[in-house]
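Letter by letter, the chains look like this.
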Amino acid sequence: QTEYTAIITETHGRVATITLNRPEALNALSNTLITELVSAAAGFDADPNIGAIIITGSERAFAAGADIKAMLDLEYADVLAGGVFPSWDGLERMLTPTIAAVSGFALGGGCELAMMCDIILAGDNAKFGQPEINLGVIPGFGGTQRLPRAIGKYKAADMVLTGRMMDAEEAERSGLVSRVVPAAELLDVAKQTAELIASKPLPAVKAAKNALQAAEESSLSEGLRVEQIAFAALFATEDQTEGMRAFAEKREANFKHR
Ligand code: CO8
């Protein structure tokens, strides 16, 4: 078991949970926290026994953004050089589904981290925002790109240009979150959702995630080709044979890969 200082990791069956753990700074995303998060997530992604990953914070904060105190003295060249913030690539390339379980503040880089996940479950106390404008900067982990794709141009501009926060109800109405649940039930619902996903045949799960990602990143015709090829390819898996046979024989499927 790796020793982390800014996150806590645990596994239950096929579900891994990564808990951001810098309570003194409302889980602000320090360099160490990001490095540990990306490394832990990559480790779980490579583990065939893990079928879904939950990323969560504390009751008060999912994450209040990048660590502002660590950015105080940076200059243009420092930020451009990229040494300050390690790469998120690992998180974005993985094919294991990720669920952000958001309680409290998800601001700036915290909101952007949630948007890198496949599913966002929000406690009814969640607050989302891109307040970077108040600091003289703009979102830097994808907020200006993923937010308009998630909630539309006008709602996103309202958030990014004013820096205001959105409560859970508005976030659900806007399409930023998958579901809102009572804050006290958030982790239970996240675990149930992760277990349900982890019980599905993994080759199909990964193909589905990949095709959904293509919807964000490509034209409709390119995305449809990604979907078509993946759909056909799944007919080469034992789980497709088993899944369809089990249906025809009116029995539970016994999938090999899950
Ligand atoms: N960074 C560092 N420390 C923080 C942060 C943060 N983002 N947020 C909170 N903290 C610290 C506070 O300084 C405070 O520490 P201390 O007790 O030592 O003074 C502690 O956490 C508790 O916070 P508050 O006392 O402020 O708690 P409140 O309940 O009064 O307020 C808020 C909570 C509203 C969340 C408030 O803390 C706040 O506004 N935080 C900052 C939110 C913000 O502006 N986030 C955006 C940051 S910028 C960013 O994310 C850019 C990402 C892209 C970078 C890409 C680079 C390539």
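- The chain appears in an unreviewed UniProt entry as Probable enoyl-CoA hydratase echA8 from Leucobacter komagatae.
- Looking at the chain in UniProt, the text filed under Sequence similarities (unreviewed entry) is "Belongs to the enoyl-CoA hydratase/isomerase family."

A closer look at the pattern of salt bridges
Step number 1: This model, assessed by the stated rule, comprises 11 salt bridges.
Step number 2: Among the ionic pairs, Asp67 bridges to Arg22, the shortest N-O distance being 2.9 Å. Of this pair, Asp67 sits in the loop between strand E4 (61–63) and helix H2 (68–71) while Arg22 sits in the loop between strand E2 (15–20) and helix H1 (31–45), placing them 45 residues apart in sequence.
Step number 3: Taking the relative accessible area as the measure of exposure, Asp67 reaches 12% and is therefore buried.
Step number 4: We classify Arg22 as buried; its relative accessible area is 15%.
Step number 5: Taking the shortest distance from any N to any O, the salt bridge between Asp118 and Lys209 comes out at 2.8 Å. Pair noted here: Asp118 is in the loop between helix H5 (109–115) and strand E7 (119–123) and Lys209 is in helix H10 (residues 202–217), with a separation of 91 residues, a long-range link.
Step number 6: Connected through salt bridges with shared partners, the residues Lys155, Asp158, Arg164 and Glu170 form a single ionic network.

Let's talk about the environment of Lys191
Step number 1: Structurally, the position occupied by Lys191 is in helix H9 (residues 186–198).
Step number 2: Relative accessible area serves as the criterion here: at 27%, Lys191 is assigned to the partly exposed category.
Step number 3: Spatially, the C-alpha atom of Lys191 lies 9.2 Å from that of Ala16, the residues being 175 residues apart in sequence.
Step number 4: Ignoring any residue separated from it by four or fewer positions in sequence, one finds Lys191 in contact with Thr17 and Ile54.

Thoughts on the pairing of strand E5 (residues 98–102)
Step number 1: Taken across its five residues, E5 has five buried, putting it largely inside the fold.
Step number 2: Neither face of E5 is exposed, since Thr98, Ala100 and Val102 on one face and Ile99 and Ala101 on the opposite face are all buried.
Step number 3: When strand E3 (residues 52–56) meets E5, the two strands line up parallel, connected through four bridges. Across the sheet, Thr56 pairs through a bridge with Ala101, a residue of E5.
Step number 4: As judged from the four bridges shared by E5 and E7, these two strands associate in the parallel manner. By the bridge assignment for E7, Ile99 is matched with Ile119.

Considering the pairing of E2
Step number 1: In terms of residue burial, E2 counts as a mostly covered element, since six of its six residues are buried.
Step number 2: In E2, alternate side chains face the same way, and those of Val15, Thr17 and Thr19 on one face and Ala16, Ile18 and Leu20 on the other are all buried.
Step number 3: With six bridges joining them, strand E1 (residues 7–12) and E2 adopt antiparallel strand pairing. Along E2, the bridge assignment pairs His12 with Val15.
Step number 4: Where E2 and E3 come together, five bridges link them in parallel fashion.

Quick word on the packing of H10 against helix H11 (residues 220–233)
Step number 1: Direction vectors running N to C along H10 and H11 enclose 170°, while the axes themselves pass 8 Å from each other. Looking at the two axes, H10 sits roughly antiparallel to H11. In this structure, H10 contributes Ala207, Asn210, Ala211 and Ala214 to the contact, and H11 contributes Gly223, Val226 and Ala230.
Step number 2: Of the residues that constitute the contact of H10 with H11, the class distribution is five nonpolar, two polar and no charged.

Examining the sheet that holds E2
Step number 1: The mixed open sheet is built from six strands, whose spatial order is E1-E2-E3-E5-E7-E10. Two strands in the sheet have a free side with no partner beyond their single neighbour: E1 and strand E10 (179–181). Going across the sheet, the axis of each strand differs from the next one's by a mean of 20°, ignoring polarity.

Some details on the nonpolar core
Step number 1: The biggest cluster of nonpolar side chains holds 46 residues, and the ones touching the most others in it are Trp88, Phe128 and Leu176.
Step number 2: Broken down by element, this core gets its largest block of residues, seven residues, from H1.
Step number 3: Formed by 14 residues, the second largest nonpolar core is a distinct cluster that contains Leu121, Val189, Ile197 and Val205.

Quick notes on the site of the ligand
Step number 1: Surveying the vicinity of the ligand reveals 24 residues, the closest of which are Arg60, Ala66, Ile68, Lys69 and Gly109.
Step number 2: Lys69 places a polar side-chain atom, nitrogen or oxygen, 2.9 Å from an oxygen atom of the ligand.
Step number 3: Interatomic distance of 2.8 Å between a backbone N/O atom of Gly109 and an oxygen atom of the ligand.
Step number 4: Contact with the protein chains hides 65% of the accessible area of the ligand, taken as 1,100 Å² for the molecule alone.
Step number 5: Sorting the residues of the shell around the ligand by element identifies H2, strand E6 (105–107) and H5 as the ones contributing at least two each.
Step number 6: Ranked by the residues each element gives to the shell around the ligand, the list is headed by H2, at three residues.
Step number 7: Here the residues of the shell around the ligand sort into 14 nonpolar, four polar and six charged.

Scoring rules and cut-offs
Residues numbered from 1 in each chain as written. Predicted model: local features only at pLDDT ≥ 70, side-chain atom pairs only at ≥ 80, totals over all residues. Heavy atoms only, no water. UniProt positions renumbered as here; feature names shortened; annotations may be inferred. Salt bridge = Lys/Arg side-chain N within 4 Å of Asp/Glu carboxyl O. Helix = DSSP H or I, 4+ residues; strand = E, 2+ residues; numbered from the N terminus. Buried < 20%, exposed > 50% of the residue type's maximum accessible area, 1.4 Å probe, protein only. Contact = heavy atoms within 4.5 Å. Pairing = 2+ DSSP bridges. Axes fitted to C-alpha atoms, helices over the stretch in contact; angles between N-to-C directions. Parallel < 35°, antiparallel > 145°, perpendicular 65-115°, else oblique. Nonpolar A, V, L, I, M, F, W, Y, C, P; charged D, E, K, R; others polar. Core = buried A, V, L, I, M, F, W, Y, C linked by side-chain atoms within 4.5 Å. Near = heavy atom within 4 Å. Polar contact = N/O pair within 3.5 Å; in protein donor to acceptor, adjacent residues only side chain to side chain. Areas by Shrake-Rupley, 256 points an atom, 1.4 Å probe, with all protein chains shown as cover.

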